[in-house]
Amino acid sequence: MKKNEIVEVEITDLSYEAMGVGHVNGETVFVNNALPGEVVKAQILKDKKSYAFARISEIVKESPDRVKVPLRQYVQTGLASLAHLKYDKQLEFKQKQVKELLSKAHLDQIKVAEILPSPLETGYRNKAQVPVRMVKGQLEIGFFRRHSHDLVPLEDFFTNDPEIDRVLLAVRDILREKRIPAYDEEKHQGQVRYLEVRRGTATGDMMVVLVCLDRDFPGLHAVVDEIKEIAGVKSIFLNHNPKRTNVILGEHDYHLWGKRYIDDKIGDLTFEISPQSFFQINSLQTPRLYKLAIDQAGLTKDDLIVDAYSGIGTIGLSAAKYVKEVRGVEVVKAAVKDAKNNARLNQIHNAKYYVGKAEELMPKWAAEGLKTDVIFVDPPRKGLTKEFIDAAVKTGPKKVVYISCNPATLVRDMQLLMEAGYTTDLVSPVDMFPQTPHVESVTVLERTQID
């Protein structure tokens, strides 16, 4: 196959990135926006010899599961790459992902529970980070087209809380009016790189973060004066990111106006959220995720639990009332400070938080004779390190409760924990990110071997 060639493809599956999968003359073709059961005419974009990427030029036979998406940019950009698929079929796709990964690892004996649907299918995100660029001479916000840095301008982000979209557009218009230059990544000049807006779903309070190339620039104060008049905005920060990088946020945040935190709730607990705090994106689904994890953990009043990758303390503080002691471990100093503040805010006295790498602190605790009962882990997509798993096992926990946002690394880490003497018979998927291929899950691994 050659670039721009049109081929007819029968779509038989979806990839983990939610691209339609078909075959032409023995070569795999990944077709953006195509669904299983469809026959499409596809234009080849890239041919890698053993596989190719393509886009639809015509749908010959359409799937009954297809949803007419009002803006195809959702799928093009990957912002909502499953938006063209009925929600019940999205859930099936995510459950199938987990089952297939377990099967590939020869772990077919582990049951995959019915996936827990999200209360909201759209408009659920409590945080947005959107790029700001010049497009045809005008400052725009939007999302990058898949596998590129071409900005697709958007006014409706589909998965965001609609109040967040309202504030994003208001800030965009202020930046245009004040003629603030958007960042140009090729020339490494201009000012505003990204806009971050966070909303406390329980309180309605909103925080605006301007991610900028410079710490200060002409017109900044006038911009702040306008933003603080937007209904619902309670906090404004500037995040300074001076580097040539694809990383969204820089290291330093500067408070420009209003509150230093906004508040949100998980269950009956209140959390203060700062610009770089990790807080689960789907506020209505998060209490259900944590309840599932805590219920499956079978906690008792005598338990000492460790909350690894503890962030601002959301999991540990949610579990604190069921146990004797919580120890949180987090490498980010600001997050540990927030966790301690959140413990005080909720009058929780049996939770302590420590700065450091869990794989370094836990062997130290084990050497001091600490015995843990349950370890909660909620790692980033790359999963756990072998060093962490070895260190965790040394403290002798009866259970490891693994909250995963990436089933591939979950399965890899489960195998390492099984080699260390732990077992499980159930993975419970949870849909935290409707309209996307991402799937969260809860797995409790219990110790079967005693040294």
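Owing to the predicted nature of the structure, the values given are computational and were not obtained by experimental measurement.

**As for the overall build of the protein chain**
Thought 1: Regarding its fold elements, the protein chain presents 10 helices and 23 strands.
Thought 2: For 451 residues, the compact-globule estimate of 2.2 N^0.38 gives 22 Å, and the protein chain sits close to it at 23 Å.
Thought 3: Referenced to the eigenvectors of the C-alpha coordinate spread, the extents of the protein chain come out at roughly 65 × 60 × 35 Å.
Thought 4: Across the 451 residues that make up the protein chain, the buried fraction comes to 55%.
Thought 5: Considering only residue pairs separated by 6 or more positions, the protein chain has 64% of its internal contacts joining residues 24 or more positions apart.
Thought 6: Total accessible area on the protein chain stands at roughly 20400 Å², and carbon and sulfur atoms take up 50% of it.
Thought 7: The protein chain carries 63 positive and 63 negative side-chain charges, and their two centres are separated by 2 Å.

**Here we look at the UniProt feature "domain: TRAM" (unreviewed entry) in the protein chain**
Thought 1: Annotation from UniProt places "domain: TRAM" (unreviewed entry) at residues 1–58.
Thought 2: Helix makes up 0% of residues 1–58 and strand 64%, and the two end C-alpha atoms of the span are 18 Å apart.

**Details of the sheet that holds strand β9 (residues 151–153)**
Thought 1: Here we have 7 strands laid out as an open sheet, ordered β9-β8-β7-β10-β11-β12-β13, and mixed in their pairing. Each edge of the sheet is formed by a strand with only one pairing partner; in this case those strands are β9 and β13 (252–258). Across the sheet, the mean angle separating the axes of adjacent strands is 35° when strand polarity is ignored.
Thought 2: As judged from the 4 bridges shared by strand β7 (residues 127–135) and strand β8 (residues 138–144), these two strands associate in the antiparallel manner. In the strand pairing of β8, V135 is matched with Q138.
Thought 3: Where helix α3 (residues 162–177) meets the sheet, its contacts fall on β7, β8, β10 (192–199), β11 (206–212) and β12 (233–240), and the angle it forms with β10 comes to roughly 150°.

**Some words on the sheet that holds strand β5 (residues 51–61)**
Thought 1: Taking strand neighbours around the barrel as the criterion, the 5 strands line up as β1-β2-β3-β5-β4 in a closed arrangement whose pairing is mixed. Each neighbouring strand pair of the sheet contributes to a mean axis angle of 50°, computed without reference to strand direction.
Thought 2: Where strand β3 (residues 27–32) lies against β5, 5 bridges are found, and the strand directions are parallel. Residue pairing in the sheet places V29 in a bridge with A52 of β5.

**Details of the domain arrangement of the protein chain**
Thought 1: What the domain assignment lists for the protein chain is domain 1 (5–66), domain 2 (111–117 + 282–447) and domain 3 (127–266).
Thought 2: Each of domain 1 and domain 2 has a C-alpha centre, and these two points are 39 Å apart.

**Notes on unusual backbone geometry**
Thought 1: Of note, the phi angle at H106 is positive, near 60°, even though the residue is not glycine.
Thought 2: Checked against the element boundaries, H106 lands in the loop between α2 (87–104) and β6 (111–112).
Thought 3: We classify H106 as exposed; its relative accessible area is 67%.
Thought 4: In this structure, K136 is a non-glycine residue whose phi angle is positive, near 55°.
Thought 5: On the secondary structure map, K136 appears in the loop between β7 and β8.
Thought 6: Residue K136 is classed as exposed on the basis of its relative accessible area of 85%.

**Details of the pairing of strand β18 (residues 351–355)**
Thought 1: In the sheet, strand β17 (residues 325–330) pairs with β18 via 5 bridges, with the strands oriented parallel. Along β18, the bridge assignment pairs E330 with V355.
Thought 2: Crossover connection from β17 via helix α7 (residues 333–345) to parallel β18: handedness right-handed.

**Some points on the UniProt feature "binding site: S-adenosyl-L-methionine" (unreviewed entry) in the protein chain**
Thought 1: Sequence positions flagged by UniProt for "binding site: S-adenosyl-L-methionine" (unreviewed entry) are, in local numbering, Q280, Y309, E330 and D378.
Thought 2: Mapping E330 onto the fold places it in strand β17.
Thought 3: Judged by relative accessible area, which is 11%, E330 ranks as buried.
Thought 4: Beyond its immediate sequence surroundings of up to four residues, E330 is in contact with Y309, S310, G311, A335, V336, Y354, V355 and G356.
Thought 5: Secondary-structure assignment places D378 in the loop between β19 (374–377) and α9 (386–394).
Thought 6: Exposure remark for D378: the relative accessible area of 10% places this residue in the buried category.
Thought 7: Sequence-distant contacts of D378, that is, excluding residues within four places in its chain, are made with F278, Q280, A308, Y309, I315, I403 and E440.
Thought 8: Side-chain polar atoms of D378 contact the side chain of Q280, separated by 3.4 Å.

**A word on the packing of aromatic side chains**
Thought 1: Applying the stated criterion across every chain, the model contains 6 aromatic pairs.
Thought 2: For the ring pair F30 and Y51, a centre distance of 6.2 Å and an interplane angle of 75° mean the geometry is edge-to-face. Remark: Y51 occurs in strand β5 and F30 occurs in strand β3; sequence separation between them is 21 residues.
Thought 3: Put simply, the rings of F30, Y51 and F53 pair up and form one aromatic cluster.
Thought 4: It is R215 that lies over the ring of Y254; its NZ or CZ is 3.8 Å from the centre.
Thought 5: One cation-aromatic arrangement involves R327 over W365; the distance from NZ or CZ to the ring centre is 4.8 Å.

**Observations regarding the nonpolar core**
Thought 1: Grouped together as the largest cluster of nonpolar side chains are 44 residues, with contacts concentrated most on L299, I305, L317, F376 and V401.
Thought 2: Take this core: its biggest share by element is 5 residues, from helix α5 (residues 286–297).
Thought 3: Lining this core are residues from two domains, each supplying at least three of them: domain 2 (111–117 + 282–447) and domain 3 (127–266).
Thought 4: Beyond its immediate stretch of four places on either side in the chain, L299 contacts I294, I305, A319, Y322, V323, V374 and F376.

**Some words on helix α8 (residues 358–367)**
Thought 1: Every buried residue belonging to α8 is among A358, L361, M362 and W365, and all of these are buried. Buried residues in α8, looked at end-on, bunch into an arc of 95°, giving them a common side. More than 90 degrees from the buried face of α8, the exposed residues found are E360 and A367.
Thought 2: The inward-facing, buried residues of α8 abut β16 (304–308), β17, β18, β19 and α9.

About the cut-offs
- Throughout, a residue's number is its position along its own chain's written sequence, starting from 1.
- Restriction of local features to residues with pLDDT of at least 70 applies here, the model being predicted, together with a cutoff of 80 or more for giving and counting side-chain atom pairs; totals for whole chains, interfaces and linings are based on all residues.
- For the side-chain quantities, the full set of heavy atoms in the structure was used; hydrogens and water were omitted.
- Every helix listed is a DSSP run of H or I at least four residues long, and every strand listed is a run of E at least two residues long, numbered separately from the N terminus.
- Here the globule rule reads 2.2 Å times residues to the power 0.38, and the radius of gyration is calculated from C-alpha atoms.
- Exposed residues in this analysis have more than 50% of their type's maximum accessible area, buried residues have under 20%, and partly exposed residues fall in between, with area computed by a 1.4 Å probe over protein chains only.
- Any two residues whose heavy atoms approach within 4.5 Å are treated as being in contact.
- For accessible areas, the Shrake-Rupley method is used with a probe of radius 1.4 Å. Any residue's cover is judged against the shown protein chains and nothing else.
- Positive residues here are Lys and Arg, negative ones are Asp and Glu, while His and the chain termini are left out of the count.
- To locate a charge, take NZ of a lysine, CZ of an arginine, CG of an aspartate or CD of a glutamate.
- UniProt positions are given in the numbering used here, feature names are shortened, and annotations may be inferred rather than shown by experiment.
- Strands are treated as partners if at least two bridges between them are detected by DSSP.
- To obtain each axis, a line is fitted to C-alpha atoms, and for helices this fit is confined to the stretch in contact; angles are then taken between N-to-C directions over 0 to 180 degrees.
- Domain segmentation is taken from an automatic or database assignment of domains.
- Classification remark: right-handed applies to a crossover when, strands pointing away from the viewer, the course from the first strand over the helix to the second runs clockwise.
- A 3.5 Å cut-off defines polar contacts: any pair of N or O atoms within that distance qualifies, except that in protein one atom must be a possible hydrogen donor and the other a possible acceptor, and neighbouring residues in sequence count only when both atoms are side-chain atoms.
- Any pair of Phe, Tyr and Trp rings, taking the six-membered ring for Trp, is counted once the centres come within 6.5 Å. Such a pair is stacked with planes under 30 degrees apart, edge-to-face with planes over 60 apart, and tilted for the rest.
- In this scheme, Lys NZ or Arg CZ marks a charge over a ring once it lies within 6 Å of the ring centre and within 35 degrees of the ring normal.
- Side-chain atoms within 4.5 Å are what join buried Ala, Val, Leu, Ile, Met, Phe, Trp, Tyr and Cys residues into a set we call a nonpolar core.
- Think of it as the arc spanned by the lines of direction from the helix axis to the C-beta atoms.

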